[in-house]
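Structural description and commentary
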Amino acid sequence: MTDAHLRSRGDGDGSKRDLTYPPLPEALVVPVYDNHTHMEIADGGDGALDYREHLGRASSVGVRGVVQVGTDLATSQWSASIAAREPRVLAAVALHPNEAPSLQEQGLLDEHLAGIEALAALPRVRAIGETGLDFFRTGEDGRDAQIRSFEEHIRIAKEHGLALTIHDRDAHDAVVEVLDRVGAPERTVFHCFSGGPDLARLCAERGWHMSFAGTVTFKNAALLREALVVAPRHLIMVETDAPFLTPTPYRGRPNAPYLIPITLRSMAETLGTDASMLAAQIASNTELVYGAWDAEPVTVDE
């Protein structure tokens, strides 16, 4: 891993956080997938885990596989290379919306989009993402670049028959407007779903999947739990977005794919259903979106 892939905590208050990884949760009886993770981002201080350690821990608690997600050309290339040789990994490749304005300013946006399209042709790359719109970190002057990049990612997903993974932060209406205007891919996933029940109903009407992260366990996330209740079961998935968004009771500590069981059990409690039944539904949903993890062979790891 390079310094560019170290998580920046940015506490700024002089406090010392617990950077140790949480203990292993009780293993799931019915295995599921983490459909959105960033194993290239080092967290946990000196105890940062290698991707093999992440996958080993995940396997031990019933997380059968992960979708490793790129956010720029370099991390997308890394994601595709790991998926090519690791049977528990599929890849998603894209330029994060917050990358688009600076790339456009440098005259590099088209070149990097072409690089993403080249990766999209690889057999174990199953999604274009994370792409979308982020109006939290990017101001008005960067929105045109974000929208153009988003539209190009949608085109790539449709032309290559891949799923689309949406990053949507403070931009619900604009994301929906773009998807409706240019036409969403058949399989579209709102990663780390952050809307309330109204957005959940809209996604349900259009057949878009909603992936819930550790945020659904947070005490202040009542609207998100309402959205989960509204969402049709056949459109629900689960993710970590690791190393971010660690579920309660370990919020603030490093996140990892092996913590999926905590979020899934919290979701089952909210829905008033059995965790194994929910896991079976989510596993089926995830395979319908991304295909089987063993559909194409991996290469031998050198």
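Refer to the structure above for everything that follows.
The present account deals with the structure reproduced in this document. Values in this document were obtained by computation on a predicted structure and should not be read as measured data. (Residues numbered from 1 in each chain as written. Predicted model: local features only at pLDDT ≥ 70, side-chain atom pairs only at ≥ 80, totals over all residues. Heavy atoms only, no water.)

Digging into the overall build of the chain
Across its full length, the chain holds 10 helices and 8 strands. At 18 Å, the chain has a C-alpha radius of gyration in line with the 19 Å of a compact globule built from 302 residues. Overall, the chain is about 50 × 50 × 45 Å in size when its C-alpha atoms are taken along their principal axes. A fraction of 75% describes how many contacts in the chain between residues 6 or more apart in sequence connect residues 24 or more apart. When the accessible surface of the chain is split by element, carbon and sulfur atoms take 51% of a total near 12800 Å². (Helix = DSSP H or I, 4+ residues; strand = E, 2+ residues; numbered from the N terminus. Rg over C-alpha atoms; globule rule 2.2 N^0.38 Å. Contact = heavy atoms within 4.5 Å. Areas by Shrake-Rupley, 256 points an atom, 1.4 Å probe, with all protein chains shown as cover.)

Topic: the sheet that holds strand S6 (residues 188-190)
The 8 strands lie next to each other as S1-S2-S3-S4-S5-S6-S7-S8, forming an open sheet whose pairing is parallel. Unpaired on one side and paired on the other, strand S1 (32-37) and strand S8 (236-238) mark the two borders of the sheet. In this sheet, adjacent strand axes meet at a mean angle of 30 degrees when their direction is disregarded. For strand S3 (residues 89-93) and strand S4 (residues 125-134), the ladder comprises 3 bridges, and the chain directions are parallel. Residue pairing in the sheet places Ala91 in a bridge with Val125 of S4. (Pairing = 2+ DSSP bridges. Axes fitted to C-alpha atoms, helices over the stretch in contact; angles between N-to-C directions.)

With respect to unusual backbone geometry
With an omega of 15 degrees, the peptide bond between Gly129 and Glu130 qualifies as cis. For Glu130, the location among the structural elements is in strand S4. The omega angle of the peptide bond from Thr248 to Pro249 is 15 degrees, so this bond is cis rather than trans. Along the polypeptide, Pro249 turns up in the loop between S8 and helix H9 (260-271). One non-glycine residue, Asp170, lies in positive phi territory at about 55 degrees. Note on placement: Asp170 falls in the loop between strand S5 (163-169) and helix H6 (172-182). Classification of Asp170 by relative accessible area gives exposed; the value is 52%. (Buried < 20%, exposed > 50% of the residue type's maximum accessible area, 1.4 Å probe, protein only.)

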